[in-house]
Amino acid sequence: MVIQNTAVFDEEHTCPDCKAKMSCCEAPPVHVGDGLGWGSEVLFICLNNECPTFQGGWKKVDVNYGHKGTFRNMQLPGSTELNVMMVASEFAFTGSIIDPVQMREQNEHYQERQKAVAKLDTCVQDNDITPVMTLILDEKATPADRSKAVSLLKEFNDLSCIDAIRNHTFKKTDLAQEINMVVSQLLKDNFKKECPFCAELIKAQATKCMHCKADI
Ligand SMILES: [Zn+2]
Ligand SMILES: [Zn+2]
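> Looking at this model, I keep getting lost on the sheet that holds strand 3 (residues 70–75). Mind explaining?
Strand pairs in the sheet, formed through backbone hydrogen bonds, run parallel or antiparallel to each other. Across the sheet, which stays open at both edges, the four strands sit in the order 1-2-3-4 with antiparallel pairing between neighbours. Each edge of the sheet is formed by a strand with only one pairing partner; in this case those strands are strand 1 (23–26) and strand 4 (83–87). Mean inter-strand twist for the sheet, computed between neighbouring axes without regard to direction, equals 45 degrees. Pairing of strand 1 with strand 2 (residues 42–45), which is carried by four bridges, proceeds in the antiparallel orientation. The partner of cysteine 25 across the bridge, within strand 2, is leucine 43. The strands that helix 1 (residues 52–65) touches are strand 3 and strand 4; relative to strand 3, the one it contacts most, it runs at about 130 degrees.

> Would you explain the environment of glutamine 106 in this entry?
Mapped onto the elements, glutamine 106 comes out in helix 2 (residues 100–119). Its 17 C-beta neighbours within 10 Å are what place glutamine 106 among the partly exposed residues.

> Just checking my understanding: could you explain the environment of glutamate 41 for this structure?
Secondary-structure assignment places glutamate 41 in the loop between strand 1 and strand 2. Between the alpha carbons of glutamate 41 and glutamate 26 there is a distance of 6.2 Å; along the sequence they are 15 residues apart.

> How should I be thinking about the pairing of strand 3 in this particular structure?
Strand residues, when the strand is regular, have side chains that alternate between the two faces of the sheet. Summarising burial for strand 3: six of the six residues are buried, a large majority. Every second residue of strand 3 is oriented toward a common face, with Thr70, Arg72 and Met74 on one face and Phe71, Asn73 and Gln75 on the other, all of them buried. The sheet contact formed by strand 2 and strand 3 spans two bridges and is antiparallel. In the sheet register, phenylalanine 44 faces strand 3, and the bridge partner there is glutamine 75. In this sheet, strand 4 lies alongside strand 3 in antiparallel orientation, the contact comprising five bridges. Pairing of threonine 70 across the sheet is with valine 87, part of strand 4.

> It is not clear to me how helix 6 (residues 173–189) should be interpreted in this structure. Could you clarify?
Side chains that are three or four residues apart share a direction in an α-helix, a result of its 3.6 residues per turn. An ideal rise of 1.5 Å per residue puts 24 Å on 17 residues; helix 6 measures up with 24 Å between its terminal C-alpha atoms. A positive phi of about 55 degrees marks phenylalanine 191, the residue just after helix 6.

> Which parts of the structure should I look at to understand the domain arrangement of the protein chain?
For interface size, the figure often reported is the accessible area lost on association. Its domain assignment divides the protein chain into domain 1 (13–96) and domain 2 (121–203). The C-alpha centroid of domain 2 is placed 48 Å from the C-alpha centroid of domain 1.

> What is the right way to look at the nonpolar core in this model?
Buried together is how nonpolar side chains tend to be arranged in soluble globular proteins. By size, the foremost hydrophobic cluster in this structure holds 18 residues, and its most contacted members are Cys25, Val42, Leu43, Phe44, Ile45 and Cys46. For this core, the elements supplying multiple residues, two or more each, are strand 1, strand 2 and strand 3. Among the elements that take part in this core, strand 2 stands out by supplying four residues, more than any other. Among residues more than four places away in sequence, those in contact with isoleucine 45 are Met22, Ser23, Cys25, Arg72, Met74 and Phe93. Of all hydrophobic cores here, the second largest spans 12 residues; its members include Met133, Ala149, Leu153 and Cys161.

> Would you mind showing me how to read the environment of aspartate 174 here?
Summarising the element assignment, aspartate 174 is placed in helix 6. For the pair aspartate 174 and proline 143, spaced 31 residues apart in sequence, the C-alpha separation works out to 9.8 Å.

> What's the story with unusual backbone geometry in this structure? I'm lost.
Note on backbone geometry: most residues besides glycine have negative phi, and most peptide bonds are trans. Phi at asparagine 127 takes a positive value of approximately 50 degrees, unusual for a residue other than glycine. Mapped onto the elements, asparagine 127 comes out in the loop between helix 2 and helix 3 (130–136). Given 9 C-beta atoms within a 10 Å radius, asparagine 127 is considered exposed. Its identity as a non-glycine residue notwithstanding, asparagine 157 has a phi of 50 degrees, on the positive side. Take asparagine 157: it is sitting in the loop between helix 4 (143–156) and helix 5 (162–166).

Each value, and the rule that gives it
- Residues numbered from 1 in each chain as written.
- Chains lettered and ligands numbered in written order.
- Predicted model: local features only at pLDDT ≥ 70, side-chain atom pairs only at ≥ 80, totals over all residues.
- Pairing = 2+ DSSP bridges.
- Helix = DSSP H or I, 4+ residues; strand = E, 2+ residues; numbered from the N terminus.
- Axes fitted to C-alpha atoms, helices over the stretch in contact; angles between N-to-C directions.
- Contact = placed C-beta atoms within 7 Å.
- Buried ≥ 20, exposed ≤ 12 C-beta atoms within 10 Å, placed from the backbone.
- Expected span 1.5 Å × (residues − 1).
- Domains from an automatic or database assignment.
- Core = buried A, V, L, I, M, F, W, Y, C linked by C-beta atoms within 7 Å.

Put into structure tokens, the structure is as follows:
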């Protein structure tokens, strides 16, 4: 999930009933028929099991609705208006707590990825290899964007990209194969090869590595 409005992570919400810090949680998906939901990607929810709203709620739900459940106090971002949400168990929302630090990082990566995608079409004429490498090394970028980046890589004829590629573990084997082919071509075009012992780039016709001195 990507939260567009990262300002919500600076918000502090305190439960008016128990004074506990409310947890920033991912809003539940809205089902057809539920209306428009809360109109927010995140909700601040009091997950304190000692909270009077939570403790007193079991009985209220039983009496009024005839099933097992209780309430949690909730506030929307940017508001101190108190809402209650019905929950079926004490575990509801505990799996959707958002870690602001992690979320901010994810968001930054997302923005970086979007910027790289936007620059793909012009990066060759701008002689800017950065967007290409960003997408090739980003496991979360789409296969189509990464594949396009790989096909653009050979346009740069830049051997300095090989180190980063060799130090990256590609989870998708077909992409890894595409990259290997481009790297091989890049080496061939530059009359180079990788030393099988130390991985440094050496002349294609070398019989001894100038870096590790191994016989090849
Ligand atoms: Zn509370
Ligand atoms: Zn070597």
